[in-house]
Amino acid sequence: MSQFLGLHFQTPQSWADRVLADPGPLLLDHLFAEKKAAAMALHTLKVHGKRFPVLKQLMNDLANEEFEHADRVEKLLKNYPKPEAEKGGNRYAQGLRKLWQVQGRDNFLDMLLVCGLIEARSAERFRLLADTAHGTELGHFYEDLYASEVNHYLLFTHLGVDFFGEELTMKRLNEMRAVEAELIQSMPPGPRIH
Ligand SMILES: [Fe+2]
Ligand SMILES: [Fe+2]
């Protein structure tokens, strides 16, 4: 499946087995990720909506969908003892964000591709979680979200191709996939989607 998403690192089964033994902390991290994704869609619209009017509908729809995901996560969280929030920012997201904060060039393509890669990693992990928790409420939940996040990955990468052309988009996406794989592997093991 990672092959389909183009990711250069595949999350091991042991990760899913470990985090599903106590789903609360993973769900709490996931809740932040969904809220962040919604905020990022609205930010993208605010900063680039004038230049690319097609973003208005797409980013509003995306934000609504991510808020819906956040609501679903919040409901599921009630099934588990209240987990403690992890302190500090997420090094993975910070590391990826640096990729588009290069001065002196149009960084919108990089920003789209970072968003796409974060969606791809969510999808890859939801797939693994769905298979591991197959037949349970959590399994159905991750199955649904897997399909959504694959679509979001495709949305961002297709926008890259539409706005900046296929050659440049694919070249940059491949460079970024290598960085993403290094970052995700450098994270200490824990109940996080990223
Ligand atoms: Fe989502
Ligand atoms: Fe998403």
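Residues numbered from 1 in each chain as written. Chains lettered and ligands numbered in written order. Predicted model: local features only at pLDDT ≥ 70, side-chain atom pairs only at ≥ 80, totals over all residues.

Caption draft 1: Highlighting the overall build of the protein chain. A count of helical and extended segments in the protein chain gives eight helices and zero strands. Going from the N terminus to the C terminus, the protein chain shows its helices and strands as α-α-α-α-α-α-α-α. The C-alpha atoms of the protein chain give a radius of gyration of 16 Å, which matches the 16 Å a tight globule of 194 residues would have. In the protein chain, which comprises 194 residues, the share counted as buried stands at 34%. A separation threshold of at least 6 residues defines the contact pool for the protein chain, and within that pool the share at least 24 residues apart is 75%. (Helix = DSSP H or I, 4+ residues; strand = E, 2+ residues; numbered from the N terminus. Rg over C-alpha atoms; globule rule 2.2 N^0.38 Å. Buried ≥ 20, exposed ≤ 12 C-beta atoms within 10 Å, placed from the backbone. Contact = placed C-beta atoms within 7 Å.)

Caption draft 2: The arrangement of helix α3 (residues 23–48) in detail. With 26 residues, α3 extends 37 Å between its outermost C-alpha atoms, agreeing within 8% with the 38 Å of an ideal straight helix rising 1.5 Å per residue. Residues P23, L26, L27, L28, D29, H30, A33, E34, A37, A38, A41 and T44 constitute the buried set of α3. Buried residues along α3 sit against α2 (13–20), α4 (55–77), α6 (108–132) and α7 (137–164). (Expected span 1.5 Å × (residues − 1).)

Caption draft 3: Local environment of the nonpolar core. Core analysis: the largest hydrophobic core is formed by 34 residues, its most contacted members being L112, L113, V114, A123, F126, Y142 and Y146. Listing elements by their share of this core, those giving two or more residues are α2, α3, α6, α7 and α8 (166–186). The dominant element in this core, judged by the number of residues it contributes, is α6, at 14 residues. Apart from the residues lying within four places of it in its own chain, the contact partners of Y142 are F126, L129, A130 and A133. Within the second largest apolar cluster, eight residues are counted, among which are A38, A41, L55 and L62. (Core = buried A, V, L, I, M, F, W, Y, C linked by C-beta atoms within 7 Å.)

Caption draft 4: Representation of the environment of I193. Locating I193 in the fold gives a position in the segment after α8. Setting aside residues no more than four positions away along its own chain, I193 makes contact with D29, H30, A33, S122 and R125.

Caption draft 5: Just the packing of α3 against α4, in detail. Where α3 meets α4, the closest approach of the two axes is 8 Å, and the angle between their N-to-C directions is 165°. Relative to α4, the element α3 is oriented roughly antiparallel. Between α3 and α4 lies a crossing of left-handed hand. When its residues are assigned to classes, the contact of α3 with α4 shows 17 nonpolar, six polar and five charged. (Axes fitted to C-alpha atoms, helices over the stretch in contact; angles between N-to-C directions. Parallel < 35°, antiparallel > 145°, perpendicular 65-115°, else oblique. Left-handed = near helix turned anticlockwise from the far one by under 90°. Nonpolar A, V, L, I, M, F, W, Y, C, P; charged D, E, K, R; others polar.)

Caption draft 6: Layout of the packing of α6 against α7. Contact geometry of α6 with α7 gives a least axis separation of 8 Å together with a crossing angle of 160°. By the criterion of interaxial angle, the relationship of α6 to α7 is roughly antiparallel. The hand of the α6/α7 crossing is left-handed. The class makeup of the residues in the contact of α6 with α7 is 17 nonpolar, six polar and four charged.

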